[in-house]
Each structure stands twice: as C-alpha cells, then as structure tokens.
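# Notes for the structure review
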Amino acid sequence: MSRQRLIVFTRYPEPGKAKTRLIPVLGAEGAANLHRQMTEYTISQVRQLQTDRDVAIEVYFTASDMPPARLRDRAAFQNWLGSDLIYHPQGEGDLGTRMGQAFKTAFSSGIDSAIIIGTDCPSLNADLIAEAFQKLDQNDLVLGPATDGGYYLIGLRRLIPELFVGINWGTSEVFQKTVQIANNLKLSVANLTFLSDIDRPEDLGKLGNW
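Read on for an overview of the structure. Note that this is a predicted model, so its numbers are computed, not measured. (Residues numbered from 1 in each chain as written. Predicted model: local features only at pLDDT ≥ 70, side-chain atom pairs only at ≥ 80, totals over all residues. Heavy atoms only, no water.)

### Examining the overall build of the chain
Of regular secondary structure, the chain possesses 5 helices and 7 strands. Each helix and strand of the chain, ordered N terminal to C terminal, gives the series β-α-β-α-β-α-β-α-β-β-α-β. Counting only C-alpha atoms and orienting by the principal axes, one finds that the chain spans roughly 45 × 35 × 35 Å. Classification of the 210 residues of the chain by burial places 48% in the buried group. Taking contacts inside the chain between residues at least 6 apart in sequence as the whole, the part at least 24 apart equals 68%. As presented, the chain carries roughly 10,000 Å² of accessible surface, and 47% of it is formed by carbon and sulfur atoms. (Helix = DSSP H or I, 4+ residues; strand = E, 2+ residues; numbered from the N terminus. Buried < 20%, exposed > 50% of the residue type's maximum accessible area, 1.4 Å probe, protein only. Contact = heavy atoms within 4.5 Å. Areas by Shrake-Rupley, 256 points an atom, 1.4 Å probe, with all protein chains shown as cover.)

The following block contains the structure:
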C-alpha cells in the first residue's frame, strides 16, 4: 500500500451545475466545458506525479442526493476519467466538513501523509504537488495559497480537525484563518507559491494561453 495519498475534489461537468459563477460570461455549456478541461488537466498532472512517486490517487466527487444516483455518478466518472482511479462521494456538509472527512478516511487506513487539491487551478502541476509532499516530510501542514485568499492545496501528516471548523469557506479569509488556527495549535507550516483559481468572470484573464 502506498504511504501517501492525493485526493482530488471535483464534480461532473454538467451544464448548469459546474462553474456556475462563470455562466453569465461563458454560458452553461461553456462553463461546464472549462471545468471539464481543467479537471482533465489536473488528472493528467496527478498521473504524471505517479510516474515518479508512489502515491495513491482518489477522486472525491459531488454526488446526487439519492444512493442510486451516486452509483450512476461513480460510473460516469469512471467512463470520463478512467476506471483505475478510486472514487468516493464527498458526502454532506460544507467544504470544511467534507475535507475533514476525506482526511479522516485517508489517515484511518494508516498512511503517512495526504494532500487535497481541487481542479480550479490550471497552474498547479505535478512538480508543485511533489514539492508539497516533500515539505510534508518536515512540516505538519502544507498550504498552497490562492490569490483570492483561499488555498488550492492542503496537506497533512495527521488528522487535525480544528483546521476545518470556524471558517467562512469561499471567502477571502480562508487562507489567513487557516494559518491563524495552525499557529494557535503550534503546527509547523510550509507554503507553496501563490497561484490563481479560476472561479469568477474576472479570473478568466488569468488563463493566458492555457
């Protein structure tokens, strides 16, 4: 069993449900297509990471409410991204609750380190993820700060539930608040370079030639 785990949070590129804040500019189909492209790019980078590092990849997806629908969602992801990946529904609750549960599940299997990333950051590549795993050798927490005040990556060596409560997710205070909690807990923290997520119409200019 791999001692490291990389967890990818994403959703299926369904028009009208994916990248909804970009719909006024791109339309429902265009927003969903951009989400599809960014997710496929992210998966290509994590597969590249696996060529140099023994790391298990798991995809946590936003699922429909009913169990039969979740089964269909898993099949849809397998058809889209490949049947060699492990898929889990994210479950209920806010983003912090879902990330905390994903880390809890990962560490309960006896691994040494785990990282969660999303699929909204086209500048995040295999080298940066590898750097995050390296920093976890010497630190309790690794964060990839986003220019909007959030973070595009979080890595841990053990479950620290306090990092996922009392935060207004989706706001500009997420990164700062997380660092504050970490400092209060006297955790050793390492940061990666600042990168931009693509969430809002004003973010589209950051795509460049991507």
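### A short note on the sheet that holds strand β3 (residues 86–89)
For sheets, the rule is that strands pair by backbone hydrogen bonds, running either parallel or antiparallel. The strand order across the open sheet built from 7 strands is β3-β2-β1-β4-β6-β5-β7, with neighbouring strands paired in mixed fashion. Bordering the open sheet on either side are β3 and β7 (189–191), each of which pairs with just one other strand. For this sheet the average axis-to-axis angle between neighbouring strands, irrespective of direction, equals 20 degrees. Pairing of strand β1 (residues 4–10) with strand β2 (residues 56–61), which is carried by 6 bridges, proceeds in the parallel orientation. By the bridge assignment for β2, Val8 is matched with Val59. Running over the sheet, helix α1 (residues 23–52) touches β1, β2 and β4 (113–117) and is turned about 175 degrees from β1. Relative to the sheet, helix α4 (residues 126–136) contacts β1, β4, β5 (141–145), β6 (151–156) and β7, its axis offset from that of β4 by approximately 145 degrees. (Pairing = 2+ DSSP bridges. Axes fitted to C-alpha atoms, helices over the stretch in contact; angles between N-to-C directions.)

### Thoughts on helix α5 (residues 174–184)
When we look at burial in α5, the residues that qualify are Val174, Phe175, Thr178, Ile181 and Ala182. The arc that holds the buried residues of α5, viewed along the axis, is 125 degrees, so those residues lie on one side. Residues of α5 that are exposed and point over 90 degrees away from its buried face: Gln176 and Asn184. Buried-residue contacts for α5 involve β5, β6 and β7. Immediately downstream of α5, the backbone of Lys186 shows phi near 60 degrees, a positive value. (Arc of directions from axis to C-beta.)

### Some remarks on the packing of aromatic side chains
On inspection of all chains with the given rule, the structure shows 9 aromatic pairs. Pairing Phe61 with Phe77 gives two aromatic rings, centres 5.1 Å apart and planes at 25 degrees, and the pair type is stacked. Here Phe61 is found in strand β2, whereas its partner Phe77 is found in helix α2 (residues 67–81), with 16 residues between them in sequence. Summarising the aromatic geometry, the rings of Phe103 and Phe107 are spaced 6.2 Å apart at their centres and angled 20 degrees between planes, so their arrangement reads as stacked. (Phe/Tyr/Trp six-rings, centres within 6.5 Å; stacked < 30°, edge-to-face > 60°.)

### As for the pairing of β6
Counting buried positions over the 6 residues of β6 gives 6, a clear majority of the element. In terms of strand pairing, β4 meets β6 through 4 bridges, oriented antiparallel. Considered in β6, the bridge of Ile117 is made with Leu153. As judged from the 5 bridges shared by β5 and β6, these two strands associate in the antiparallel manner. Pairing of Pro145 across the sheet is with Tyr151, part of β6. In this structure, the hairpin formed by β5 and β6 is closed by a connection of 5 residues, where Gly149 is found at a positive phi of approximately 100 degrees.

### Description of the nonpolar core
Grouped together as the largest cluster of nonpolar side chains are 32 residues, with contacts concentrated most on Leu6, Ile117, Leu124, Tyr152 and Leu153. Only β1, α1, β2, α2, β4, α4 and β6 provide two or more residues apiece to this core. Ala106, Leu143, Ile154 and Phe164 belong to the second-largest nonpolar core, a separate cluster that totals 26 residues. (Core = buried A, V, L, I, M, F, W, Y, C linked by side-chain atoms within 4.5 Å.)

### Notes on the packing of α1 against α4
A pair of packed helices is characterised by two quantities: the angle between their axes and the separation of those axes. Contact pair α1 / α4: the axes reach a minimum separation of 8 Å and the direction vectors enclose 55 degrees. With respect to their mutual orientation, α1 and α4 come out oblique. α1 and α4 meet at a crossing whose hand is right-handed. Between α1, through Gln45, Val46, Gln48 and Leu49, and α4, the contact on the second element is made entirely by Ala126, Ile129, Ala130 and Phe133. Among the residues making up the contact of α1 with α4, the classes are represented as 6 nonpolar, 2 polar and no charged. (Parallel < 35°, antiparallel > 145°, perpendicular 65-115°, else oblique. Left-handed = near helix turned anticlockwise from the far one by under 90°. Nonpolar A, V, L, I, M, F, W, Y, C, P; charged D, E, K, R; others polar.)

What is shown is where atoms sit, not what they do.
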